[in-house]
Amino acid sequence: MTAAASISRSRSNKRTAPVTVIPEVRQPNFDLADDVPKYWWDNDPAKTLLLAAMSASFPAGERFFIDSVRHYQSQITDPELQKAIRGFIGQEAHHSKEHQALNGYLEDKGIGLARLDREVLAFMNWMRKNLSPERQLAHTVAVEHFTALMAEEFLLKYDALEEMDPRMAPIWAWHAIEESEHKAVAFDVYKAIGGSEFVRVTEMMAVSILFPVFTSIHLAQLMKEDGQLFNIKSWAGAVKYMWGKPGVFRKLMPSYFKYYSPNFHPWNHDARDLVEKAKNKWLGAIISKKA
Ligand SMILES: [Fe+2]
Ligand SMILES: [Fe+2]
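### Digging into the coordination of the iron ion (ligand 1)
Each donor-metal-donor angle would ideally measure 109.5 degrees in four-coordinate tetrahedral geometry, or 90 or 180 degrees in six-coordinate octahedral geometry.
Okay, so step 1: Glu62 (OE), Glu92 (OE), His95 (ND1), His175 (NE2) and Glu179 (OE) make up the full set of protein donors to the iron ion (ligand 1), lying at 1.9 to 2.4 Å.
Okay, so step 2: Between the donor residues of the iron ion (ligand 1), the gaps in sequence give the motif E-x29-E-x2-H-x79-H-x3-E.
Okay, so step 3: The distance between the iron ion (ligand 1) and the iron ion (ligand 2) comes to 3.7 Å, and Glu92 binds to both of them. Here the residue Glu92 occupies a position in helix 2 (residues 79-108), and Glu179 occupies one in helix 6 (residues 169-181), the gap between them amounting to 87 residues.
Okay, so step 4: A relative accessible area of 4% places Glu179 in the buried class.

What follows is the structure in structure tokens.
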């Protein structure tokens with residue numbers, strides 16, 4: 001455990017929250033070389049374009065997450081939570097910036113992400129205009145639970161990173177590690193401001209429909225644009241990977257449903273062992289200095 005990622009007793013939900021982590025802000029350097037293959041995950045269109053579709057949503061999405069937390073920052077009196085908020089904002093700002101660069105790089109390889117990025121931005125702007133600040137923060141809390149599960153249970157637990165081109169894997173490893181590190185920050189802010197359980201849970205219900213629907217539509221659009229829409233072998237392989245064997249989405253369902261418990265806290269699911277292993281394996285080559 002590094003100094004910046006120190007652990008302290010959680011403040012907001014002592015009965016069910018054993019720990020929290022102060023997120024460490026890192027400045028990575030990635031090698032986006034020209035010879036990275038177009039289908040850089042397992043040489044497979046559906047798996048690669050699924051992550052590309054998600055990457056398209058990150059720049060606008062992560063700016064929204066930052067703003068939803070920042071809205072309440074001045075109301076937080078706990079110095080530890082203030083530190084965690086600064087770490088959260090720093091990490092998400094770097095994610096937004098690096099995925100913007102990655103999306104431009106993928107666009108140059110012929111994967112049309114610019115339109116997806118614009119659609120996500122329009123949706124985020126709609127939410128900024130039409131949802132209360134409390135519901136905007138609840139949206140962030142819900143998506144943070146999704147991203148932490150995907151990071152811990154999908155990217156870090158199985159062989160996805162090993163199956164990727166070695167220039168691409170560190171980007172996803174770095175992002176997954178930091179999503180796990182800061183997974184409780186928005187939740188702790190939400191609890192600290194007295195956010196309602198009804199809004200927290202109903203926003204997760206909305207996200208649980210919107211996130212898979214948007215991602216599936218975007219994936220189908222990218223597959224179509226790439227002439228892969230009827231690549232049954234690739235679709236079947238991706239579906240098997242997610243829902244069959246190893247069945248990464250299927251296996252994360254129990255952790256997903258814990259969100260609906262009134263005793264839920266992100267650190268009830270402790271994946272620090274996986275994250276430590278991933279840090280040792282992936283971060284050394286890409287982190288030159290700390291912010
Ligand atoms: Fe992120
Ligand atoms: Fe995040």
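Let's pick the thread back up.
### Details of the packing of helix 6 against helix 11 (residues 272-283)
Okay, so step 1: In the contact formed by helix 6 and helix 11, the axes pass within 10 Å of each other and the chain directions differ by 145°. Note that helix 6 runs across helix 11; the crossing there is left-handed. Each of Ala169, Pro170, Ala173, Trp174, Ile177, Ser180 and Glu181 in helix 6 lies in contact with helix 11, whose residues at this interface are Val275, Ala278, Lys279, Trp282 and Leu283.
Okay, so step 2: Its residues assigned to classes, the contact of helix 6 with helix 11 comprises nine nonpolar, one polar and two charged.

### Structural notes on the pattern of salt bridges
Okay, so step 1: Under the definition given, this model contains 23 salt bridges.
Okay, so step 2: With a closest N to O distance of 2.9 Å, Glu178 and Arg26 form a salt bridge. Taken together, the residues span a long stretch of sequence, with Glu178 in helix 6 and Arg26 in strand 3 (residues 26-28) at a distance of 152 residues.
Okay, so step 3: Residue Glu276 is joined to Lys279 by a salt bridge in which the shortest nitrogen-to-oxygen separation is 3.2 Å. Highlighted residues: Glu276 and Lys279, both in helix 11, separated by three residues, approximately one helical turn.
Okay, so step 4: Owing to a relative accessible area of 23%, Glu276 belongs among the partly exposed residues under this scheme.
Okay, so step 5: For Lys279, a relative accessible area of 9% gives the class buried.
Okay, so step 6: Each of the salt bridges in this network shares a partner with another, and the network as a whole consists of Glu24, Arg26, Glu178, Glu181, Glu276 and Lys279.

### Structural notes on the coordination of the iron ion (ligand 2)
Okay, so step 1: Surrounding the iron ion (ligand 2) are the protein donor atoms Glu92 (OE), Glu144 (OE), Glu144 (OE), Glu179 (OE), Glu179 (OE) and His182 (NE2), at 2.0 to 2.8 Å.
Okay, so step 2: Relative to the metal, the six donor atoms surrounding the iron ion (ligand 2) lie at angles of 51 to 148°, and the coordination shape comes out irregular.
Okay, so step 3: When the donor residues of the iron ion (ligand 2) are listed from N- to C-terminus, their spacing reads E-x51-E-x34-E-x2-H.

### Examining the packing of aromatic side chains
Okay, so step 1: Per the counting criterion, the structure on display carries 19 aromatic pairs.
Okay, so step 2: With 5.6 Å between their ring centres and 90° between their planes, Trp41 and Tyr241 make a pair best called edge-to-face. Pair noted here: Trp41 is in the loop between strand 3 and helix 1 (45-70) and Tyr241 is in helix 9 (residues 232-244), with a separation of 200 residues, a long-range link.
Okay, so step 3: An angle of 80° between the planes, with centres 5.7 Å apart, marks the rings of Tyr256 and Tyr260 as edge-to-face.
Okay, so step 4: Overall, Tyr256 belongs to the buried group, its relative accessible area being 9%.
Okay, so step 5: Grouped by ring-pair contacts, the aromatic residues Phe146, Phe187, Phe211, Tyr256, Phe257, Tyr259, Tyr260 and Phe264 constitute a single cluster.
Okay, so step 6: A cation over an aromatic ring shows up here: Lys183 above the ring of Trp267, its NZ or CZ 4.3 Å from the ring centre.

Thresholds applied
Residues numbered from 1 in each chain as written. Chains lettered and ligands numbered in written order. Predicted model: local features only at pLDDT ≥ 70, side-chain atom pairs only at ≥ 80, totals over all residues. Heavy atoms only, no water. Donors = N, O, S within 2.8 Å, 3.2 Å for Na, K, Ca; no water. Helix = DSSP H or I, 4+ residues; strand = E, 2+ residues; numbered from the N terminus. Buried < 20%, exposed > 50% of the residue type's maximum accessible area, 1.4 Å probe, protein only. Axes fitted to C-alpha atoms, helices over the stretch in contact; angles between N-to-C directions. Left-handed = near helix turned anticlockwise from the far one by under 90°. Contact = heavy atoms within 4.5 Å. Nonpolar A, V, L, I, M, F, W, Y, C, P; charged D, E, K, R; others polar. Salt bridge = Lys/Arg side-chain N within 4 Å of Asp/Glu carboxyl O. Tetrahedral: all angles 85-135°; square planar, octahedral: opposite > 155°, others 65-115°. Phe/Tyr/Trp six-rings, centres within 6.5 Å; stacked < 30°, edge-to-face > 60°. Lys NZ or Arg CZ within 6 Å of the ring centre and 35° of its normal.

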